[in-house]
Amino acid sequence: MAPAGRPGAKKGILERLESGEVVIGDGSFLITLEKRGYVKAGLWTPEAVIEHPDAVRQLHMEFLRAGSNVMQTFTFSASEDNMESKWEDVNAAACDLAREVAGKGDALVAGGICQTSVYKYHKDEARIKKLFRLQLEVFVQKNVDFLIAEYFEHVEEAVWAVETLIASGKPVAATMCIGPEGDLHGVPPGECAVRLVKAGASIVGVNCHFDPTISLQTVKLMKEGLEAARLKAHLMSQPLAYHTPDCNKQGFIDLPEFPFGLEPRVATRWDIQKYAREAYNLGVRYIGGCCGFEPYHIRAIAEELAPERGFLPLASEKHGSWGSGLDMHTKPWVRARARKEYWENLRIASGRPYNPSMSKPDGWGVTKGTAELMQQKEATTEQQLKELFEKQKFKSQ
């Protein structure tokens, strides 16, 4: 038997999914590490793997203890177009950190790429595929177990990513950050799924931009599209841990609270247990989270699906099922909350009596093909900011 932590000691991602096993993904890195002081909002690039490796390692460990089967490399936006000279070192360091932690449990390492910053204002397929290929070369060198193309708003670019990644011979998962309306060019979710599978993806689904409820609606449409086309693929869901019923087509980025005022929207652990059960019942077997998903949210997935998995995660050692630990509380009215029925049916208050329950999304109608969406290399000037502030005032009137 191979030592723990070596890929040969573990079943691969497709072997797990094809046997019906539930695979639990990890959760939030960018948003969580920004809150902890290790990532700068704006570009959202992952220099932390080099500058603060202990912080990244710790978060990986927390997700592993919470029940995650996959340590995804912290390589979001770590491509040459976003990071210039740093990109290669960042990708390599991220792989090493993920492999180190995966070796401490029954977890696989997934090399992750995402949409580029250049697609929105030109469609140079060769240039974009080269950006994907550069990251892929590092992932192959580091021998990740499988690959994830995530966070794509346009299926055309997602297909280019899949076509690039399958050249490695490793299994490829592809997720889009879309809702039930489809991608930003109007391609429906079902058709997106079909195109991704035809391009070579073995696992398809959604991640980010929308809450669990909306995300599962989208996955359902993907599933129906695949069934209609008589195609087979494993389903994957990694939504936000924020409630977003008021989002428009572009998701939570258009909410006025993004990114620094989202806390009142955070899902409870009980919301996530409900999500895990609904995802499982839909046929999703790769279940995880994206922005806002803290380790306790991942633990909630693992606890809800413990009967199917046959065990609880290590992080459940100090956590009573459905609040059962409260039966030791000194206050009798708190002890009365030590039951599933209480937490399942609680109508949660925000504590903000003068605030609305929902917001009016921004977005200004900008979704594709405009210079406003171009990734800037330098900070916005004072004059440019002043123009944006005026535009924001006009749009909010």
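The rules behind each value
Residues numbered from 1 in each chain as written. Predicted model: local features only at pLDDT ≥ 70, side-chain atom pairs only at ≥ 80, totals over all residues. Heavy atoms only, no water. UniProt positions renumbered as here; feature names shortened; annotations may be inferred. Helix = DSSP H or I, 4+ residues; strand = E, 2+ residues; numbered from the N terminus. Buried < 20%, exposed > 50% of the residue type's maximum accessible area, 1.4 Å probe, protein only. Contact = heavy atoms within 4.5 Å. Pairing = 2+ DSSP bridges. Axes fitted to C-alpha atoms, helices over the stretch in contact; angles between N-to-C directions. Salt bridge = Lys/Arg side-chain N within 4 Å of Asp/Glu carboxyl O.

Caption draft 1: Spotlight on the UniProt feature "binding site: Zn(2+)" (unreviewed entry) in the protein. Annotation from UniProt places "binding site: Zn(2+)" (unreviewed entry) at Cys208, Cys290 and Cys291. These annotated residues cover 84 residues of sequence, and their C-alpha atoms all fall within 6.4 Å of one another, placing them together at a single site. Looking at the secondary structure, you find Cys291 in the loop between strand E8 (286-287) and helix H12 (295-304). Taking the relative accessible area as the measure of exposure, Cys291 reaches 12% and is therefore buried. Once residues within four sequence positions are removed from consideration, Cys291 is found in contact with Ser28, Ile31, Cys208, Leu240, Ala241, Tyr242 and Phe252.

Caption draft 2: Local environment of the sheet that holds strand E5 (residues 172-176). The strand order across the open sheet built from eight strands is E1-E8-E7-E6-E5-E4-E3-E2, with neighbouring strands paired in parallel fashion. Each having just a single partner strand, strand E1 (23-24) and strand E2 (70-72) make up the two edges of the open sheet. Summarising the sheet, E1 and E8 pair through two bridges and their orientation is parallel. Across the sheet, Val23 pairs through a bridge with Tyr286, a residue of E8. Sitting on the sheet, helix H10 (residues 212-228) touches strand E6 (203-207) and strand E7 (234-238), and the angle it makes with E7 is about 165°.

Caption draft 3: Expanded view of the pattern of salt bridges. Here the structure, examined in full by the defined rule, presents 18 salt bridges. Across the salt bridge formed by Glu153 and Lys120, the nearest N and O atoms sit 3.0 Å from each other. Of this pair, Glu153 sits in the loop between strand E4 (146-152) and helix H8 (155-165) while Lys120 sits in the loop between strand E3 (108-114) and helix H7 (125-141); the two residues are 33 residues apart in sequence, bridging distant segments of the chain. Each of Asp54, Arg57 and Glu100 takes part in one network of salt bridges that share partners.

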